Amino acid sequence: MTTAASWSFVGLWLRDLGQGRASLGYWVVKSARGQGAAVAALGAVVGWASRDLRIPRLELYVEPWNTASVRAAERVGFQSEGLLRGWQQVGDERRDMFVYSLLNAEL
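Residues numbered from 1 in each chain as written. Predicted model: local features only at pLDDT ≥ 70, side-chain atom pairs only at ≥ 80, totals over all residues. Heavy atoms only, no water.

(A) Structural view of the overall build of the protein. Check the secondary structure of the protein and you find two helices and five strands. Across the protein, helices and strands are ordered from the amino to the carboxyl terminus as β-β-α-β-α-β-β. The C-alpha radius of gyration of the protein comes to 14 Å, within 12% of the 13 Å expected for a compact globule of 107 residues. Counting only C-alpha atoms, the protein reaches 40 × 35 × 20 Å along its principal axes. Residues classed as buried in the protein amount to 34% of the 107 residues present. Counting contacts in the protein only where the partners sit at least 6 residues apart, residues at least 24 apart contribute 57% of the total. Charged side chains in the protein number 12 positive and 10 negative. The centres of these two groups are separated by 4 Å. (Helix = DSSP H or I, 4+ residues; strand = E, 2+ residues; numbered from the N terminus. Rg over C-alpha atoms; globule rule 2.2 N^0.38 Å. Buried < 20%, exposed > 50% of the residue type's maximum accessible area, 1.4 Å probe, protein only. Contact = heavy atoms within 4.5 Å. Lys, Arg positive; Asp, Glu negative; His and termini not counted. Charge placed at Lys NZ, Arg CZ, Asp CG, Glu CD.)

So, in structure tokens, the structure goes:
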């Protein structure tokens, strides 16, 4: 049986783990969007990262136009911290990103 959650992909980057933080990114196949797949997948990884890995701070970055991704992050408990202007190179241009965080102590 295939569920919408099986078409969700979440990455956890531990590059800044020595400083007590990690970042996440996620993507959902188009046919599974709007079915809660991102929330389910993101929630599972957040639970593992906070409970088992005990990472104090989780971060994610969302392009301002991506309202579905903003809603998924907020449903899992991430809080907006603001807009990072020209934060990331995407293709041949610099793009703004909203930064969201979730502290282990908040779970």
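(B) Structural view of the packing of aromatic side chains. Throughout the structure, instances matching the rule amount to two aromatic pairs. Ring centres of Y61 and W87 lie 5.5 Å apart, and the angle between their planes is 20°; on these two criteria the pair is classed as stacked. Taken together, the residues span a long stretch of sequence, with Y61 in strand β3 (residues 57–62) and W87 in strand β4 (residues 79–90) at a distance of 26 residues. What makes W87 partly exposed here is its relative accessible area of 41%. (Phe/Tyr/Trp six-rings, centres within 6.5 Å; stacked < 30°, edge-to-face > 60°.)

(C) Just the sheet that holds strand β1 (residues 8–13), in detail. Read across the open sheet, the five strands follow the order β1-β2-β3-β5-β4; overall the sheet is mixed. With one partner strand each, in any of the chains shown, β1 and β4 form the two edges of the open sheet. Within this sheet the neighbouring strands show an average axis-to-axis angle of 30°, counted without direction. Of the strands in this sheet, β1, β2 (21–28), β3 and β5 (93–103) are in contact with helix α1 (residues 37–51), which crosses β1 at around 30°. (Pairing = 2+ DSSP bridges. Axes fitted to C-alpha atoms, helices over the stretch in contact; angles between N-to-C directions.)

(D) Up close: the pairing of β2. Bridge count for β1 against β2 is six bridges, and the pairing is antiparallel. Paired with F9 across the two strands is W27, which belongs to β2. Relative to β3, β2 is paired through four bridges, and the arrangement is parallel. When the bridges of β3 are listed, L24 appears paired with L60. The parallel pair β2 and β3 is bridged by α1, and the resulting crossover is right-handed. (Right-handed = clockwise from strand over helix to strand, strands pointing away.)

(E) Quick look at α1. With 15 residues, α1 ought to run about 21 Å at 1.5 Å a step, and its terminal C-alpha atoms sit 21 Å apart, in line with that. Restricting attention to buried positions, one finds in α1 the residues A37, A38, A41, L42, V45, V46, G47, A49 and S50. (Expected span 1.5 Å × (residues − 1).)

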